[in-house]
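Single-letter residue listing:
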Amino acid sequence: MQGEWAGELVGPDVWKICRELIPAGSVFAFLAEHREVLFPPGMFTDMYPSSNGRPSLPPQVLAAAVVLQSLQGLSDFETVQELRCDLRWKAACGLGLYDTAFDPSLLTYFRRRLRHSADPTRIFTKVEEVVAATGVLKGKQRRALDSTVLDDAVATQDTVTQIISAVRRVIREVPGGEETAAQWCCAHDYTDPGKPRIAWDDEAARATLVDALVIDAINLLGHLPEQELGEKAANAVGLLALVAGQDVEPAEDSDGRWRITQRTVADRTVSTVDADARHIHKNRTRHQDGFKGHASFEPETGLFTAVALTSGHGPDNHEAAVAISLLAEEEQDAELTVLGDSAYGTGDLRAHLQAEGHTLVIKPPPLRQAVPGGFTIDDFLIDAAAGTATCPAGQVANLGQVKADGARTAQFKHMCTDCPLRERCTKSKTGRNINVHPQHELLSTARHQAATDPAWQDEYRRWRPPVERAIAWLVAKGNRRVPYRGIIANNLWLHHRAAALNLRRLINLGLTRTSGTWHLTPATP
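Residues numbered from 1 in each chain as written. Predicted model: local features only at pLDDT ≥ 70, side-chain atom pairs only at ≥ 80, totals over all residues. Heavy atoms only, no water.

**Q** Where do I start with the overall build of the protein in this structure?
**A** The number of helices and strands found in the protein is 17 helices and 15 strands. Summarising its shape, the C-alpha atoms of the protein cover approximately 90 × 75 × 40 Å along the three principal directions. Taking all 525 residues of the protein together, the buried fraction comes to 46%. Taking contacts inside the protein between residues at least 6 apart in sequence as the whole, the part at least 24 apart equals 65%. Element-wise, carbon and sulfur atoms account for 50% of the exposed surface of the protein, whose accessible area totals about 27,000 Å². Positive and negative charge centroids in the protein, built from 57 and 65 side chains respectively, lie 5 Å apart. (Helix = DSSP H or I, 4+ residues; strand = E, 2+ residues; numbered from the N terminus. Buried < 20%, exposed > 50% of the residue type's maximum accessible area, 1.4 Å probe, protein only. Contact = heavy atoms within 4.5 Å. Areas by Shrake-Rupley, 256 points an atom, 1.4 Å probe, with all protein chains shown as cover. Lys, Arg positive; Asp, Glu negative; His and termini not counted. Charge placed at Lys NZ, Arg CZ, Asp CG, Glu CD.)

**Q** Looking at this structure, how should I read the layout of surface pockets?
**A** Any empty space left between the atoms is revealed when a probe the size of a water molecule rolls over them. Volume-wise, the largest pocket comes out at about 940 Å³. Of all the elements in the fold, those that place two or more residues in the lining of the largest pocket are helix H6 (105-115), helix H8 (159-173), helix H11 (231-246) and helix H17 (487-508). In terms of residues, the lining of the largest pocket owes the most to one element, H11, which gives five residues. Residues that form the lining of the largest pocket fall into these classes: nine nonpolar, four polar and 10 charged. (1 Å grid on protein atoms, 1.4 Å probe; cavity = no way out; pocket = protein on both sides within 12 Å on 5 of 7 lines; lining within 4 Å. Points joined across faces, edges and corners; volume = space filled by probe spheres on them. Nonpolar A, V, L, I, M, F, W, Y, C, P; charged D, E, K, R; others polar.)

**Q** Whenever I open this one, the environment of threonine 417 confuses me. Can you help?
**A** With respect to the helices and strands, threonine 417 occurs in the loop between strand E12 (408-411) and strand E13 (433-436). Between the C-alpha atoms of threonine 417 and isoleucine 17, which are 400 residues apart in sequence, the distance is 89 Å. A polar atom in the side chain of threonine 417 sits 2.9 Å from the backbone oxygen of histidine 414. (Polar contact = N/O pair within 3.5 Å; in protein donor to acceptor, adjacent residues only side chain to side chain.)

**Q** Even after reading the chapter, I still don't get the sheet that holds strand E11 (residues 396-398), so can you show me in this structure?
**A** Two pairing modes exist for strands in a sheet, parallel and antiparallel, and in both the strands are linked by backbone hydrogen bonds. Reading across the sheet, the three strands line up as E9-E10-E11 and stay open at both edges, with antiparallel pairing between neighbours. At either end of the open sheet lies a strand with only one pairing partner, and these are strand E9 (381-383) and E11. Along the sheet, successive strands turn relative to each other by an average axial angle of 20°, direction set aside. Where E9 lies against strand E10 (residues 388-390), three bridges are found, and the strand directions are antiparallel. (Pairing = 2+ DSSP bridges. Axes fitted to C-alpha atoms, helices over the stretch in contact; angles between N-to-C directions.)

**Q** I'm lost on helix H10 (residues 203-223) in this one. Help?
**A** Counting along an α-helix, one turn takes 3.6 residues, and residues three or four places apart therefore face a common direction. Under the 1.5 Å per step criterion, the end-to-end length of H10 is 30 Å for 21 residues, consistent within 8% with the ideal 30 Å. Taken as a whole, H10 has its buried residues at Leu209, Val210, Asp211, Leu213, Val214, Asp216, Ala217 and Leu220. Residues of H10 that are buried sit in contact with H8, helix H9 (177-184), H11, strand E2 (248-250) and strand E3 (258-260). Sitting at the amino-terminal end of H10 is aspartate 202, which places a side-chain oxygen 3.0 Å from the backbone nitrogen of alanine 204. (Expected span 1.5 Å × (residues − 1).)

**Q** Is there a simple way to think about the packing of helix H2 (residues 27-38) against helix H3 (residues 59-72) in this case?
**A** Geometry of a packed helix pair, given as the angle between the helix axes and the separation of the axes. As a packed pair, H2 and H3 sit with axes 11 Å apart at the nearest point and diverge in direction by 160°. Of the possible angle classes, the one that applies to H2 and H3 is roughly antiparallel. Crossing handedness for the pair H2 and H3: right-handed. Residues Val27, Phe28, Leu31, Arg35 and Glu36 of H2 lie in contact with H3, whose contacting residues are Gln60, Ala64, Leu68, Leu71 and Gln72. (Parallel < 35°, antiparallel > 145°, perpendicular 65-115°, else oblique. Left-handed = near helix turned anticlockwise from the far one by under 90°.)

**Q** What should I look at first to understand the pattern of salt bridges in this one?
**A** Pairing is possible between side chains of opposite charge, provided their charged atoms come close. Counted under the stated rule, the structure contains 20 salt bridges. Between glutamate 300 and arginine 142 there is a salt bridge, and its shortest N-O distance comes to 4.0 Å. Residue glutamate 300 is located in the loop between strand E5 (287-298) and strand E6 (303-310), and its partner arginine 142 is located in strand E1 (residues 142-151); the two are separated by 158 residues in the primary sequence. Residue arginine 142 is classed as partly exposed on the basis of its relative accessible area of 23%. Between arginine 172 and glutamate 173 there is a salt bridge; the shortest N-O distance is 3.8 Å. Judged by its relative accessible area of 29%, glutamate 173 is partly exposed. Sharing partners across several salt bridges, the network here consists of Asp146, Asp341, Arg464 and Glu468. (Salt bridge = Lys/Arg side-chain N within 4 Å of Asp/Glu carboxyl O.)

This is how it looks when you write it as structure tokens:
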């Protein structure tokens, strides 16, 4: 059942006797004074539906601790240590001077209750309500979008480690798994916590081990008892099937042997400890394992308007796809100026945002040149209505049939043979081919505007860079690495992190409460 604040402290009230020691204008002082209003008990009632049992710690105390924990980037253990030893934390959370706080596991239980509730991100939502009450975003129509890669909290595993770990999980979680493994799995002693004892510098020995482990996995999956599986058991079986097949392929000129594949699957699972983590290529030179963090940011006030954490792979997790959901919670009929780098420059997103009435200041992706310094598709005249493409030399080719993705192709073929501009156009022996995007006109107009419109360029240079600062705030103090496993838990953490940063920013802008309302009182010089 939900605990209530009884007003009894363990020792003197820190906020009363040590107020002068708590930095004025800090998050600590603000929570000490306004904690009960910011996080009223009724805000958490649905998380404690039972009226029986031992009362919990008042959830507003835990909510204040979570905000400070997210702001400082601390573990549960470190958070409790601060609550025990730091006067600022005691004042912010309403603890007495001699209070030894609580067990760190209470923070885990609190987050679990939040995660399974109807509104998991209610702390972020509550801070959003404070933002709305102050009116600080009134008339602020710019939204800068950006994303960053967040490192996972687990170690990346090789193929051998993943298969062995997945087999152990099936043995542990699936009824009958231990007996089946004892009968059919002989490549390794799966009760041994170490890796197989082979000559790891011997390529042939490694190949033999991989083949034997894959066969073990196949045999185990094929001979498990027919039965209805629970969630944990089903996940264990699915994970084994995934890791046993993602990195291997049948060996050439062999009778059923398996070998490490010569390519890497795009959606490869990098660890059985966190099956949601993925290998992410932010660009051609920067590779990380983890998740993608996305943010919508108001650059003038320095406030996050929306955040999300997603997997690092798949079209649904692309920046342009997530941007739609980030902007979906804005006020209806709000006409925004949306700023973003080239990752947000897709035709689908542009079409969607323009249909919503927004102004786009989004950098177009660079065009590929078939010949360095040569012609691009913008040098060709595309007439979608007539179904033709005219090259810089005046040759006309018909646009082909519409493909599944909506694109069309113009093939100039023999027209390029004796063309005087060929060296600036193509190196292909069969002539130039032009792939026309289904939103070609939209993208071409955006590229022209970005290259020639001084007002567009000034807007982008002035208001796009602040979102980089916002991302730096998000990942500061060790928060580049997520603290938990899985998308759901870390998405909740990212919302708490953004809520804490927004609260700190509001306090710096002069957030206060008088006569029952929130408002900003800027500091006088």
